[in-house]
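Each chain, letter by letter, is given below.
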Amino acid sequence: MTDTRIRLLREEDWDEVVALEERAYAASGLSEGRDVLRSRHRASPSTCFVLERAGGFGGYLLALPYPLSRCPDLSLAEEGAVQGSNLHLHDLVIAERARGRGLAHRMQQHLEETGRAAGYRTLSLVAVHGSQVLWTALGYRSRPEIGLPASYGAEAVYMAKPLEPAGTDPALEPSSGAEVG
């Protein structure tokens, strides 16, 4: 895939990011809007990326440090940077014309490499739109015991993945009686 590259999100990308985010989430009520999206980027510009393709904008990924077992509320802007050992993959959207080529997986791998290099121990996310199956295939495990802000809706699921050898982070181990997908 020599016609694609992943780079840091830049100021001139925001119109494309906002338009793609709205197409992906507005119908389900999960769209955040420009100001809230930009606040996620301001919290961690070194972990927010754009996919460039020969044909133009191919997608984006927003990630920021967030405590394990917590996530941003879609209705609230970030108030500042958060420190910690968990990197939260907040949003990953591939442009419609670029889907079906493994680019989401490629961007997620890029985030893993970035996270490991920066010393993060885990990745987390909230699966929406039935994407839990995809994220499970990429090594994330459901954490159904973790409550989510109402802004995600009733079907969303918190998921996490270690960035170090399995079994070394007790926070990711299933608790007694909890089913981990």
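Residues numbered from 1 in each chain as written. Predicted model: local features only at pLDDT ≥ 70, side-chain atom pairs only at ≥ 80, totals over all residues. Heavy atoms only, no water.

## Some points on the side chain of H41
No. 1: In this fold, H41 is placed in helix 2 (residues 34-43).
No. 2: Of the residues examined, H41 reaches a relative accessible area of 14% and is grouped as buried.
No. 3: When sequence neighbours within four positions are dropped, the list of residues in contact with H41 reads L9, W14 and C48. (Helix = DSSP H or I, 4+ residues; strand = E, 2+ residues; numbered from the N terminus. Buried < 20%, exposed > 50% of the residue type's maximum accessible area, 1.4 Å probe, protein only. Contact = heavy atoms within 4.5 Å.)

## With respect to the environment of Y60
No. 1: Within the secondary structure, Y60 is located in strand 3 (residues 56-65).
No. 2: With 39 residues separating them along the chain, Y60 and E21 place their C-alpha atoms 9.0 Å apart.
No. 3: In this structure, Y60 is in contact with V17, L20, E21, Y25, F49, V50, D91, L92, V93 and M107, ignoring residues within four places of it in sequence.
No. 4: Within the structure, Y60 has its side chain in polar contact with the side chain of D91 (distance 2.6 Å). (Polar contact = N/O pair within 3.5 Å; in protein donor to acceptor, adjacent residues only side chain to side chain.)

## Focus: the pattern of salt bridges
Oppositely charged side chains may form a pair once their charged atoms are brought near each other.
No. 1: Applying the stated criterion across every chain yields a total of 14 salt bridges.
No. 2: Taking the shortest distance from any N to any O, the salt bridge between E32 and R40 comes out at 2.6 Å. Of the two residues examined, E32 and R40, each falls in the buried class.
No. 3: Note that E78 is salt-bridged to R40, the shortest N-O span being 2.4 Å. Linking E78 in the loop between strand 3 and strand 4 (86-94) with R40 in helix 2, this pair joins segments that are 38 residues apart in sequence.
No. 4: Judged by its relative accessible area of 0%, R40 falls in the buried class.
No. 5: Through salt bridges with shared partners, a single network forms among R5, R7, R10, E12, D13 and E52. (Salt bridge = Lys/Arg side-chain N within 4 Å of Asp/Glu carboxyl O.)

## Notes on the nonpolar core
No. 1: By size, the foremost hydrophobic cluster in this structure holds 24 residues, and its most contacted members are L9, Y60, V126, V128 and Y152.
No. 2: Counting only elements with at least two residues in this core, the list comes to helix 1 (14-25), strand 2 (48-53), strand 3 and strand 7 (157-162).
No. 3: Looking at which element gives the most residues to this core, the answer is helix 1, with five residues.
No. 4: Formed by 23 residues, the second largest nonpolar core is a distinct cluster that contains L87, A98, L111 and V157. (Core = buried A, V, L, I, M, F, W, Y, C linked by side-chain atoms within 4.5 Å.)

## Side note on the environment of V93
No. 1: Looking at the element boundaries, V93 is found in strand 4.
No. 2: Using a relative accessible area of 5% as the deciding quantity, one classes V93 as buried.
No. 3: Linking V93 and Y60, residues 33 residues apart in sequence, is a C-alpha distance of 5.7 Å.

## Observations regarding helix 2
No. 1: Every buried residue of helix 2 is listed here: V36, L37, S39, R40, H41 and A43.
No. 2: Tucked into the core, helix 2 has its buried residues touching helix 1, strand 2, strand 3 and strand 4.

## Some details on the sheet that holds strand 2
No. 1: In space, the seven strands of this open sheet follow the order 1-2-3-4-5-7-6, with mixed pairing throughout. Two strands close off the open sheet at either side, each with one partner strand: strand 1 (4-8) and strand 6 (141-142).
No. 2: Pairing geometry for strand 4 and strand 5 (residues 122-127), over four bridges, is parallel. What sits directly across from N86, in strand 5, is T122.
No. 3: Along the sheet face, helix 2 touches strand 2, strand 3 and strand 4 and points at about 65° away from the line of strand 3. (Pairing = 2+ DSSP bridges. Axes fitted to C-alpha atoms, helices over the stretch in contact; angles between N-to-C directions.)

Without other data, these values stay purely geometric and don't point to any function.
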